[in-house]
Amino acid sequence: MTIAESFGRSRFAQLVNSPGGRLARIVVGIGLIGWGYTLRGGVMGVVLIVVGLVPFVAGTFNLCLISALLGGPISGKRVTQHDP
(Lines give C-alpha, C1' and ligand atoms only; values in the text may rest on other atoms or scores of the structure.)
Protein backbone atom coordinates (compact mmCIF):
# COMPACT_ATOMS: atom_id res chain seq x y z
CA MET A 1 0.00 0.00 0.00
CA THR A 2 1.40 3.39 -0.98
CA ILE A 3 1.49 6.36 1.36
CA ALA A 4 -1.23 8.04 -0.73
CA GLU A 5 -3.49 4.97 -0.34
CA SER A 6 -2.76 4.87 3.37
CA PHE A 7 -3.68 8.55 3.65
CA GLY A 8 -6.91 7.96 1.70
CA ARG A 9 -7.98 5.32 4.22
CA SER A 10 -7.18 7.48 7.25
CA ARG A 11 -9.87 9.04 9.42
CA PHE A 12 -8.36 12.47 8.70
CA ALA A 13 -8.80 12.03 4.94
CA GLN A 14 -12.37 10.82 5.47
CA LEU A 15 -13.14 13.85 7.65
CA VAL A 16 -11.52 16.46 5.42
CA ASN A 17 -13.26 15.12 2.32
CA SER A 18 -16.68 14.81 3.94
CA PRO A 19 -19.29 17.53 3.29
CA GLY A 20 -18.58 18.97 6.76
CA GLY A 21 -14.85 18.99 6.09
CA ARG A 22 -15.35 20.74 2.79
CA LEU A 23 -17.56 23.34 4.46
CA ALA A 24 -14.94 23.87 7.18
CA ARG A 25 -12.24 24.47 4.55
CA ILE A 26 -14.46 26.99 2.78
CA VAL A 27 -15.22 28.83 6.03
CA VAL A 28 -11.54 28.89 7.07
CA GLY A 29 -10.59 30.17 3.62
CA ILE A 30 -13.18 32.93 3.77
CA GLY A 31 -11.98 33.85 7.26
CA LEU A 32 -8.36 34.13 6.15
CA ILE A 33 -9.35 36.12 3.06
CA GLY A 34 -11.45 38.46 5.21
CA TRP A 35 -8.63 38.90 7.72
CA GLY A 36 -6.23 39.61 4.88
CA TYR A 37 -8.64 42.11 3.41
CA THR A 38 -8.62 44.08 6.66
CA LEU A 39 -4.81 44.22 6.38
CA ARG A 40 -4.78 44.83 2.61
CA GLY A 41 -2.45 47.83 2.85
CA GLY A 42 0.52 45.64 3.78
CA VAL A 43 2.33 42.51 2.72
CA MET A 44 0.71 40.43 5.48
CA GLY A 45 -2.74 41.19 4.08
CA VAL A 46 -1.78 39.96 0.62
CA VAL A 47 -0.19 36.83 2.11
CA LEU A 48 -3.33 36.03 4.13
CA ILE A 49 -5.54 36.51 1.09
CA VAL A 50 -3.40 34.19 -1.03
CA VAL A 51 -3.14 31.59 1.75
CA GLY A 52 -6.91 31.82 2.32
CA LEU A 53 -7.58 31.11 -1.34
CA VAL A 54 -6.00 27.65 -1.00
CA PRO A 55 -8.52 26.08 1.44
CA PHE A 56 -11.38 28.07 -0.11
CA VAL A 57 -10.73 26.76 -3.63
CA ALA A 58 -9.92 23.24 -2.37
CA GLY A 59 -13.18 23.05 -0.42
CA THR A 60 -15.26 24.61 -3.17
CA PHE A 61 -14.02 22.24 -5.88
CA ASN A 62 -13.57 19.18 -3.61
CA LEU A 63 -9.82 19.01 -4.06
CA CYS A 64 -7.48 17.26 -1.64
CA LEU A 65 -4.08 18.88 -1.93
CA ILE A 66 -2.52 16.66 0.75
CA SER A 67 -3.30 13.58 -1.31
CA ALA A 68 -1.87 15.20 -4.42
CA LEU A 69 1.34 16.05 -2.54
CA LEU A 70 1.60 12.39 -1.48
CA GLY A 71 1.21 11.19 -5.08
CA GLY A 72 -2.48 10.31 -4.88
CA PRO A 73 -5.51 11.68 -6.68
CA ILE A 74 -6.39 15.36 -6.26
CA SER A 75 -10.15 14.71 -6.39
CA GLY A 76 -11.57 14.50 -2.88
CA LYS A 77 -14.14 11.99 -4.09
CA ARG A 78 -11.46 9.67 -5.47
CA VAL A 79 -9.27 9.98 -2.35
CA THR A 80 -11.87 8.31 -0.16
CA GLN A 81 -12.89 5.56 -2.61
CA HIS A 82 -11.49 2.13 -1.81
CA ASP A 83 -11.22 -0.85 -4.09
CA PRO A 84 -12.53 -4.02 -2.42
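See above for the structure.
Figured I'd write up the structure that's included with this text.

Here is what the cut-offs are and how they apply
Residues numbered from 1 in each chain as written. Predicted model: local features only at pLDDT ≥ 70, side-chain atom pairs only at ≥ 80, totals over all residues. Heavy atoms only, no water. Phe/Tyr/Trp six-rings, centres within 6.5 Å; stacked < 30°, edge-to-face > 60°. Lys NZ or Arg CZ within 6 Å of the ring centre and 35° of its normal. Helix = DSSP H or I, 4+ residues; strand = E, 2+ residues; numbered from the N terminus. Buried < 20%, exposed > 50% of the residue type's maximum accessible area, 1.4 Å probe, protein only.

### Digging into the packing of aromatic side chains
A full pass over the atoms with the stated rule returns one aromatic pair. Against the face of Tyr37 rests Arg40, its NZ or CZ located 4.2 Å from the ring centre.

### Focus on unusual backbone geometry
With glycine set apart, most residues show a phi of negative sign, and most peptide bonds adopt trans. Positive phi values are uncommon outside glycine, yet Asn62 reaches one of about 55 degrees. Within the element layout of this structure, Asn62 appears in the loop between helix 4 (43-60) and helix 5 (65-69). What makes Asn62 buried here is its relative accessible area of 16%.

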